[in-house]
Amino acid sequence: MKKVYGSAAEALEGVLADGMLIASGGFGLCGIPELLLQAIKENGAKNLTFASNNAGVDDFGIGILLQTKQVKKMISSYVGENAEFMRQYLSGELELEFNPQGTLAERMRAGGCGIPGFYTKTGVGTVIAEGKEVKEFNGEEYILEEGIFADLSIVKAWKADETGNLVFRKTARNFNPPAAMCGKICIVEVEEIVPTGSLDPDNIHLPGIYVHRIVQGDHEKRIEQRTTRKREEA
């Protein structure tokens with residue numbers, strides 16, 4: 001089965017459609033599938049729901065899809081750093097489903113494992129629990145959270161072999177593995193594709209069974225907030 005494609009647009013061909021639920025990896029601007037997000041923008045698919053830790057910034061990451069109003073709903077943990085997100089949410093143009101970060105990661109992982117739901121204490125007694133089933137275990141309350149079963153997963157890895165085994169680089173691993181697991185189809189963009197068998201099996205972070213399509217490309221790797229110390233005078 002061919003998994004390597006020539007471009008992000010080719011990798012999305014025949015897969016992307018209006019109204020999809022897309023799980024996207026990354027944390028802030030670290031480890032985001034920027035090439036695939038740009039290709040989704042150029043494709044013009046609309047009414048999309050994104051399950052992602054955050055929505056990027058105004059001109060990068062998922063933020064570029066907010067600018068073109070291709071996103072109708074975000075399932076997220078953090079929505080700061082994005083003025084257009086705030087504008088659309090406050091004006092009622094964008095639907096938002098808040099999730100604690102651990103809950104969002106576990107919802108993705110659960111979906112990837114075929115688990116329809118799980119109970120957690122996180123969010124009990126807050127707005128997160130509104131409308132959700134509450135169950136008592138050993139005298140303490142837990143809320144039911146549903147697994148995320150996405151139509152499509154888009155993630156960013158450091159290396160892949162031709163069968164889709166993935167290695168992530170340091171903190172860029174973040175939400176990428178659980179996001180990759182929960183999609184019916186998973187497309188990965190990588191910095192390097194290596195021959196099958198060249199990756200140490202003990203160092204593979206996500207097995208190729210989860211990966212359907214791979215694209216290699218150059219990445220900008222922006223820094224969300226650059227903070228430096230003023231040079232001390234001699």
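That block above? That's the structure.
Residues numbered from 1 in each chain as written. Predicted model: local features only at pLDDT ≥ 70, side-chain atom pairs only at ≥ 80, totals over all residues. Heavy atoms only, no water.

## Concerning the overall build of the chain
Right, so step 1: Helices and strands together make up the secondary structure of the chain, namely six helices and twelve strands.
Right, so step 2: Counting only C-alpha atoms and orienting by the principal axes, one finds that the chain spans roughly 55 × 50 × 45 Å.
Right, so step 3: Put simply, the chain has 234 residues, and 47% of those count as buried.
Right, so step 4: If you take every contact in the chain between residues at least 6 apart in sequence, the share linking residues at least 24 apart comes to 72%.
Right, so step 5: For the chain, the accessible surface area stands at approximately 12000 Å², while carbon and sulfur atoms represent 48% of it.
Right, so step 6: Each charge class in the chain was averaged separately, 26 positive and 33 negative side chains, and the resulting centres sit 2 Å apart. (Helix = DSSP H or I, 4+ residues; strand = E, 2+ residues; numbered from the N terminus. Buried < 20%, exposed > 50% of the residue type's maximum accessible area, 1.4 Å probe, protein only. Contact = heavy atoms within 4.5 Å. Areas by Shrake-Rupley, 256 points an atom, 1.4 Å probe, with all protein chains shown as cover. Lys, Arg positive; Asp, Glu negative; His and termini not counted. Charge placed at Lys NZ, Arg CZ, Asp CG, Glu CD.)

## A word on the sheet that holds strand β6 (residues 117-120)
Right, so step 1: Strand order in the open sheet made by the three strands is β6-β8-β7, with antiparallel pairing throughout. Only two strands of the sheet have a single neighbouring strand rather than two, namely β6 and β7 (134-137). When strand polarity is set aside, the average angle formed by the axes of neighbouring strands in this sheet is 40°.
Right, so step 2: Where β6 meets strand β8 (residues 140-146), four bridges bridge the pair, whose relative direction is antiparallel. Across the sheet, Y119 pairs through a bridge with L144, a residue of β8.
Right, so step 3: Against the sheet, helix α5 (residues 101-112) makes contact with β6 and β8, and its axis sits at roughly 155° relative to β6, the strand it touches most. (Pairing = 2+ DSSP bridges. Axes fitted to C-alpha atoms, helices over the stretch in contact; angles between N-to-C directions.)

## Observations regarding the pattern of salt bridges
Right, so step 1: Tallied over the full model, the rule gives twelve salt bridges.
Right, so step 2: Taking the shortest distance from any N to any O, the salt bridge between E106 and R109 comes out at 2.8 Å. In this pair, E106 and R109 both sit in helix α5, three residues apart, roughly one turn of the helix.
Right, so step 3: Looking at E106, the relative accessible area reads 26%, which means it is partly exposed.
Right, so step 4: When the shortest N-O distance is used, the salt bridge between E191 and K156 registers 2.8 Å. Taken together, the residues span a long stretch of sequence, with E191 in strand β11 (residues 183-194) and K156 in strand β9 (residues 150-161) at a distance of 35 residues.
Right, so step 5: E191 sits in the partly exposed class, given a relative accessible area of 25%.
Right, so step 6: For K156, a relative accessible area of 8% gives the class buried. (Salt bridge = Lys/Arg side-chain N within 4 Å of Asp/Glu carboxyl O.)

## Observations concerning the side chain of E34
Right, so step 1: For E34, the location among the structural elements is in helix α2 (residues 34-43).
Right, so step 2: Put simply, E34 is tucked away with no salt bridge, and the nearest opposite charge, on K156, sits 6.7 Å away.
Right, so step 3: Within the local environment of E34, its side chain forms a polar contact with the backbone nitrogen of E220, the two atoms lying 2.7 Å apart.
Right, so step 4: Contact partners of E34, with chain neighbours within four places excluded, come to F60, E189, H219, E220 and K221. (Polar contact = N/O pair within 3.5 Å; in protein donor to acceptor, adjacent residues only side chain to side chain.)

## A word on the pairing of strand β4 (residues 71-76)
Right, so step 1: Of all six residues in β4, five are buried, a share of seventy percent or more.
Right, so step 2: Across four bridges, strand β3 (residues 48-51) lies against β4 in parallel orientation. Within β4, the position partnered with A51 by the bridge is I75.
Right, so step 3: Inspection of the sheet shows β4 paired to strand β5 (residues 95-98) by four bridges, in the parallel sense. The residue bridging S76 from the neighbouring strand is F98, located in β5.
Right, so step 4: Following the chain from β4 across helix α4 (residues 83-90) to the adjacent parallel β5, one finds a crossover that is right-handed. (Right-handed = clockwise from strand over helix to strand, strands pointing away.)

## As for α2
Right, so step 1: Buried within α2 we find E34, L36, L37, A39 and I40.
Right, so step 2: Here the buried face of α2 lies against α1 (8-12), β2 (21-24), β3, α3 (63-67), β9 and β11.
Right, so step 3: Positioned one or two residues after α2, G44 has a phi angle of 90°, which is positive.

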